[in-house]
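Geometric and topological summary
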Amino acid sequence: MIAADKYDVVIVGAGHAGAQAAIALRQRGFRGSVALVSEEADPPYERPPLSKEYLSGAKAFDRILIRPNAFWAEREISLMLGRRAISVEAADHSLQLSDGTTLGYGALIWAAGGSPRRLTCPGHDLRGVHSVRTRADVDRMIHELDRVSRVVVVGGGYIGLEAAAVLTTLGKSVTVVETQERVLSRVAGEVLSRFYEQEHRAQGVDVRLGETVTCIEEMAGAACGVRLGDGSVLPCEMVIVGIGIVPAVQPLLAAGIGGENGVTVDPLCRTTSPDIYAIGDCAAHANAFADGAVIRLESVQNANDQAMVVAKALTGLEEAYVALPWFWSYQYDLQLQTVGLSMGHDRAVLRGDPGQRSFSIIYLRDDRVIALDCVNAVRDYVQGRALVRAGTRVRAASLADDTIPLKDLLVRSS
């Protein structure tokens, strides 16, 4: 093994969560040594643009950097790039990296995110089968695009639909295959799902629902088609798989740290092992806006806010994580902004006209507002945040009346 210095804080993962943790520590005056470990060779960069502006070519890589390259050295944050954390020894506060280096730590912040969930059918590893998780993933796609006319996207979640929108705009023939009976089934209500299905079909995307993939067809070592459960084959030169992630927490679980779907953390993002924290996509936490259910949130908001919770804890201020969840997605000229968590809703109220491509869906549970999906409706999103935060009880008829500003409903209900 290669010996290495001990750091006061070691952060594993250089996505939004890990990078923000390092930034926040310095912003709060932390003077100890900080190392940021990443298995990627690139410095920290934003992930959401990968399936949108970066894939389309609208933004070059230097425009999606979280901070300029010089920032990290100026803040005395050691970047350890191209190295993966493979094991953790909680008892002696150390971890081993893939190059044989052993790092000691005073506190460990695990922000490794996750890896794309892969298909398991024959042909899943052929050339031309891609995921959208890292810059390298998207660079491989871009390198092939000139030779691609037909693309099959497996998975009708946000990543898959965003990639489908970009590739359609680039002139590719795109088919989306979703195993469920509607797209976005895990994260949105049926009204929003049907709206996006219609929008994609209007743009020329072939949306196949309730379909399974049995294999990827091969020609000369590359993908040439996707065979569905009914035996039909969708010819293509590229396959994009967007079916979720597998939390990257195996080294923590192997070290005896608790967790099932991710690694479990308390309100201060502490794991079951002293001096080890977990944040971002891989951290399973009891969320106040999910009625206390233990969930993982895969969002920039969650990553940044949990990073701040840990940075505060390590600089003497303990504040529990109670951040209001929010998300966004851009597809074609549609800006979707979501606030709150719609899981467990018992009523959905439509506000505005989907035919005008500007509307909101307000989700209720026991007559209380728990979430909003706002499509090209920024005012509803901004004003609706307060309704979700307060768990406001509002009559459905008032919510549906888009002549009444949502901020007025907060006043009336108080």
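We now turn to the structure provided with this report. (Residues numbered from 1 in each chain as written. Predicted model: local features only at pLDDT ≥ 70, side-chain atom pairs only at ≥ 80, totals over all residues. Heavy atoms only, no water.)

1. Some remarks on the pairing of strand β24 (residues 358-365)
- Along β24, 6 of the 8 residues are buried, which leaves the element largely enclosed by surrounding structure.
- Note that strand β23 (residues 347-353) and β24 share 7 bridges and pair antiparallel. By the bridge assignment, R351 is partnered in β24 with S360.
- The turn joining β23 and β24, which pair antiparallel and follow one another in sequence, is formed by 4 residues; a positive phi near 60 degrees is taken by R357.
- Pairing analysis gives 7 bridges linking β24 to strand β25 (residues 368-375), with the strands arranged antiparallel. The residue bridging Y363 from the neighbouring strand is A371, located in β25.
- Hairpin connection of β24 to β25: 2 residues between the antiparallel strands, including D366 at a positive phi of 55 degrees. (Buried < 20%, exposed > 50% of the residue type's maximum accessible area, 1.4 Å probe, protein only. Helix = DSSP H or I, 4+ residues; strand = E, 2+ residues; numbered from the N terminus. Pairing = 2+ DSSP bridges.)

2. Here we look at the side chain of T338
- Tracing the sequence through the fold places T338 in strand β22 (residues 334-340).
- There is a polar contact of 2.6 Å between the side chain of T338 and the side chain of D373. (Polar contact = N/O pair within 3.5 Å; in protein donor to acceptor, adjacent residues only side chain to side chain.)

3. Side note on the sheet that holds strand β21 (residues 326-331)
- If you trace the 5 strands from one edge of the open sheet to the other, you get β21-β22-β25-β24-β23, paired in antiparallel fashion. Of all the strands in the sheet, the pair left with one neighbour each is β21 and β23. Going across the sheet, the axis of each strand differs from the next one's by a mean of 15 degrees, ignoring polarity.
- Helix α5 (residues 158-169) rests against β21 and β22 of the sheet, and its axis sits at about 25 degrees to β21.
- Contacting β21, β22, β23, β24 and β25, helix α9 (residues 378-390) crosses the sheet at an angle of about 165 degrees to β25. (Axes fitted to C-alpha atoms, helices over the stretch in contact; angles between N-to-C directions. Contact = heavy atoms within 4.5 Å.)

4. Quick notes on the sheet that holds strand β13 (residues 222-228)
- Overall, antiparallel pairing links the 3 strands, which are arranged β12-β13-β14 in an open sheet. Of all strands in the sheet, those with a lone pairing partner are β12 (213-219) and β14 (233-235), marking the two edges. The average angle at which neighbouring strand axes cross in this sheet is 30 degrees, direction not considered.
- Judged from the 3 bridges that link them, β13 and β14 form a sheet pairing that is antiparallel. In the strand pairing of β14, G225 is matched with P235.

5. Quick word on the packing of helix α1 (residues 16-27) against helix α8 (residues 300-314)
- Where α1 meets α8, the axes come as close as 8 Å, and the angle between the chain directions of the two elements is 35 degrees. Here the hand of the crossing between α1 and α8 comes out right-handed. In contact with H16, A17, Q20, A21, A24, L25 and Q27 of α1, α8 contributes V300, A303, N304, A307, M308, A311 and L314.
- Taken together, the residues of the contact of α1 with α8 break down into 10 nonpolar, 4 polar and no charged. (Left-handed = near helix turned anticlockwise from the far one by under 90°. Nonpolar A, V, L, I, M, F, W, Y, C, P; charged D, E, K, R; others polar.)

6. Observations regarding unusual backbone geometry
- For D275, which is not glycine, the phi dihedral falls at a positive 70 degrees.
- Topologically, D275 is positioned in the loop between β17 (263-264) and β18 (276-278).

7. Comments concerning the state of the cysteines
- Scanning the model with the defined rule gives 0 disulfides in all.
- We note that C236 lacks a disulfide partner, and the nearest cysteine sulfur, in C224, lies 7.3 Å from it.
- Taking relative accessible area as the criterion, C236 reaches 2% and is therefore assigned buried.
- Among the cysteines around C282, which has no disulfide bond, C269 carries the closest sulfur, lying 10 Å off. (Disulfide = S-S within 2.5 Å.)

Spatial relationships are all this shows, so hold off on functional conclusions.
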